[in-house]
Every structure is written in structure tokens, then in C-alpha cells.
Amino acid sequence: MISFKQLVCFVLSLLSFMSVFYSVGKLGIFLATPSRTQPTTQAFPTNRAEIRATLFPLFFNTIWVVLFVLQHTSMRTEMVKRVWKAIGLELAERSLYNIASSYCLLLLLKNWKSSPTQYRLWFFDVEDNKTLWWLMVGSHVLCWIVVYGGSLMVDLPELIGLKHVYYDINDLAPPMSYKSRDLQDYYQRYRHPSFVALTTVLWFTNGMTIDRLLLAIVWSVYMYLAWNTTQEDLKYHQHQLERKRAELVHVTK
């Protein structure tokens, strides 16, 4: 018999699943949509009015970017985890983290403001060149496929929060306890897949506006600093790769 607590956590895990896929889908469309307006002839603002018109949207965009970074960092702390445990929602910790991240991301996308002058660091027209258009959009699609595939490899049901509820309903230990100590240590430092793919979707655009540059710089720096892999992580990956190769050789014989 499922308890009320398990039922609540199950609903939260489903909401986490839907929120993550919806928000990431919106982000993918936001980053991959080609810029179709014509570039200005000036690279940067030249007078006070233009500077104010450029800085005003950047100020609000910075608020939403910082909010996302703070949420993404603060909810991983032990203090927040103790709060969930105190109110009996430790089972939904991963789900609540994903829900909060998703809605912070949706707030950022909904309230994102672009400068009316749209100054660009670079621009290339993709409307008249279908090859460039498909190259840009196809690259983004490929990168998101890599991210999704990487999420499956790092145990997507556990990452979303569904596995925690399933294991608890079946009187099993938390899913992370069934993983090796090396893998647990690795997951504590690194859960997001493919730094290269996510960096590509941030920077590979046909029109790099100042507001898009802000987003790309802050998130790239945050990913670089937050995903602090070590030499032990590299050795762990190398060891697992050698094991897989040995298994494949054994199977093909």
C-alpha cells in the first residue's frame, strides 16, 4: 500500500519529469532559433541614450541569469537537504531540485529582454543560405541528442527523481547506494552530461547579440567552475572504458 508521503513524492517526480523536458525544450528552441533581423552598422553604442537602451535590458537579464545560478547552486547544499528531511520530503529532494531549476529557467526565458538596437559581435545571414541554416540548426539538434544520450548514461530516472520513489515503494535502499563508491563520488561532482555540447549551443549562433553574449559567458564560466572533475574521475572513466572493451572482445569471440 502506497503511503500518502510516497504518493506526494510520486506526483512531484512526475512533475519533475514534465518540467525538465518542457523547459529544456524551450531552451533548445530559444538558443537554436536563427537571428533573422538585419545587423546594425555599428558594433557598440556610441552615445548616452544608446548606452542606456543597451544596459537596461542587460540589467534585468543579469538578474534572471544570477537567479538561475544561485538556485542551481544553493539547492545542492546540505542545509537545504536538511530542510527537506525535516519536513519529510527527503524522498523528493531530486524532484524538487529539478522543478525549481525548470521554473527558474522558464522565468529567464519568459522575461528575457533584447536590446532594441541589437548590437552584434558577429552576424551571418542564414535566410539566403540554406546550407548555413541547416548547419546551425543541425548542430544544435546533434548537441541536444548528445546531452540526452549522456543523461541516459548517468541514470536519467535517478537524475529526474523517479527512481527514488520507485525504490522506496518497493522497500529498497536509495538508488545511489547500489552504485560503486567511485561512481557516487563522481556523481557528487558531475551530473550534467557533455560540457562541450552545452557550450556549443550557447556560442554557436548566427547573430551574437550583447544579451546572448551575457548568457553564454555566465553559463560557460559557471559550468566550468561547477563541474570540477578530478584526475580520479578521469582514471575512473579510463578504467570503465577498458572494462567495456574487454567485455566487447569477450562477446565477439
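Bear in mind the structure is a predicted one, so any value in this text is a computation, not a measurement.

Quick notes on the rules
- Residues numbered from 1 in each chain as written.
- Predicted model: local features only at pLDDT ≥ 70, side-chain atom pairs only at ≥ 80, totals over all residues.
- Heavy atoms only, no water.
- Helix = DSSP H or I, 4+ residues; strand = E, 2+ residues; numbered from the N terminus.
- Buried < 20%, exposed > 50% of the residue type's maximum accessible area, 1.4 Å probe, protein only.
- Areas by Shrake-Rupley, 256 points an atom, 1.4 Å probe, with all protein chains shown as cover.
- Lys, Arg positive; Asp, Glu negative; His and termini not counted.
- Charge placed at Lys NZ, Arg CZ, Asp CG, Glu CD.
- UniProt positions renumbered as here; feature names shortened; annotations may be inferred.
- Axes fitted to C-alpha atoms, helices over the stretch in contact; angles between N-to-C directions.
- Parallel < 35°, antiparallel > 145°, perpendicular 65-115°, else oblique.
- Left-handed = near helix turned anticlockwise from the far one by under 90°.
- Contact = heavy atoms within 4.5 Å.
- Phe/Tyr/Trp six-rings, centres within 6.5 Å; stacked < 30°, edge-to-face > 60°.
- Salt bridge = Lys/Arg side-chain N within 4 Å of Asp/Glu carboxyl O.
- Polar contact = N/O pair within 3.5 Å; in protein donor to acceptor, adjacent residues only side chain to side chain.

## Description of the overall build of the chain
Thought 1: A count of helices and strands for the chain gives 11 helices and two strands.
Thought 2: Counting over 253 residues, the chain shows a buried share of 41%.
Thought 3: Put simply, the chain shows about 15,400 Å² of open surface, and 68% of that area lies on carbon and sulfur atoms.
Thought 4: Counting 25 positive and 18 negative side-chain charges, the chain places the centres of these two groups 3 Å from one another.

## A few points about the UniProt feature "transmembrane region" (unreviewed entry) in the chain
Thought 1: According to UniProt, the feature "transmembrane region" (unreviewed entry) maps to residues 7-31, 51-70, 132-154 and 195-225 in the numbering used here.
Thought 2: Segment residues 132-154 splits into 96% helix and 0% strand. End C-alpha atoms: 33 Å apart.
Thought 3: Between the end C-alpha atoms of residues 195-225 there is a gap of 11 Å, over a span that is 81% helix and 10% strand.

## Some points on unusual backbone geometry
What is expected of a backbone is that most residues other than glycine have negative phi and most peptide bonds are trans.
Thought 1: We note that Asp171 has phi near 55°; this positive angle belongs to a residue other than glycine.
Thought 2: Along the chain, Asp171 falls in the loop between α7 (162-169) and α8 (181-189).

## Describing the packing of helix α1 (residues 4-32) against α7
Thought 1: Closest axis-to-axis distance for the α1/α7 pair is 8 Å, and the angle between their directions is 155°. In terms of orientation, α1 lies roughly antiparallel with respect to α7. For α1 against α7, the interelement crossing comes out left-handed. Taking contact as the criterion, the partners of Gln6, Cys9, Phe10, Ser13, Leu14 and Phe17 in α1 are, on α7, Leu162, Val165, Asp168 and Ile169.

## Here we look at the side chain of Ser23
Thought 1: Here Ser23 lies in helix α1.
Thought 2: Apart from residues lying up to four places away in sequence, Ser23 is in contact with Ser102, Leu105, Leu106 and Leu109.

## Focus: the packing of aromatic side chains
In this description, a pair of aromatic rings is defined by centroid distance and the angle of the planes.
Thought 1: On inspection of all chains with the given rule, the structure shows nine aromatic pairs.
Thought 2: Considering the side-chain rings of Phe30 and Trp112, the 6.2 Å spacing of their centres and the 75° angle between planes classify their relative orientation as edge-to-face. Residue Phe30 is located in helix α1, and its partner Trp112 is located in the loop between α4 (93-111) and β1 (120-123); the two are separated by 82 residues in the primary sequence.
Thought 3: The class for Phe30 is partly exposed, based on a relative accessible area of 28%.
Thought 4: According to the relative accessible area criterion, Trp112 is buried, its value standing at 12%.
Thought 5: For the ring pair Phe59 and Phe60, a centre distance of 5.4 Å and an interplane angle of 80° mean the geometry is edge-to-face.

## Some points on the environment of Pro57
Thought 1: Relative to the elements of secondary structure, Pro57 occurs in helix α2 (residues 48-74).
Thought 2: Here Pro57 falls in the buried class, since its relative accessible area comes to 7%.
Thought 3: Separated by 172 residues in the primary sequence, Pro57 and Thr229 place their C-alpha atoms 35 Å from one another.
Thought 4: What Pro57 contacts, discounting residues up to four positions off in sequence, is Lys113, Ser114 and Ser115.

## Remarks on the pattern of salt bridges
Thought 1: Per the counting criterion, the structure on display carries five salt bridges.
Thought 2: Across the salt bridge formed by Glu78 and Lys81, the nearest N and O atoms sit 3.9 Å from each other. Note that Glu78 and Lys81 are positioned in helix α3 (residues 78-86) at a spacing of three residues, about one turn of the helix.
Thought 3: Between Glu93 and Lys81 there is a salt bridge, with its nearest N and O atoms 3.9 Å apart. With a gap of 12 residues between them, Glu93 in helix α4 and Lys81 in helix α3 connect regions that are remote in the sequence.
Thought 4: Residue class for Glu93 comes out partly exposed when judged on its relative accessible area of 25%.
Thought 5: What makes Lys81 partly exposed here is its relative accessible area of 27%.

## Quick notes on the environment of Val154
Thought 1: Secondary-structure assignment places Val154 in the loop between α5 (130-153) and α6 (156-160).
Thought 2: Val154 gets classed as buried once you look at its relative accessible area, which sits at 11%.
Thought 3: Placed 57 residues apart in sequence, Val154 and Tyr97 show a C-alpha to C-alpha distance of 17 Å.

## With respect to the side chain of Asp155
Thought 1: Note that Asp155 resides in the loop between α5 and α6.
Thought 2: Since its relative accessible area comes to 10%, Asp155 is described here as buried.
Thought 3: A distance of 3.0 Å separates a polar atom in the side chain of Asp155 from a polar atom in the side chain of Lys163.

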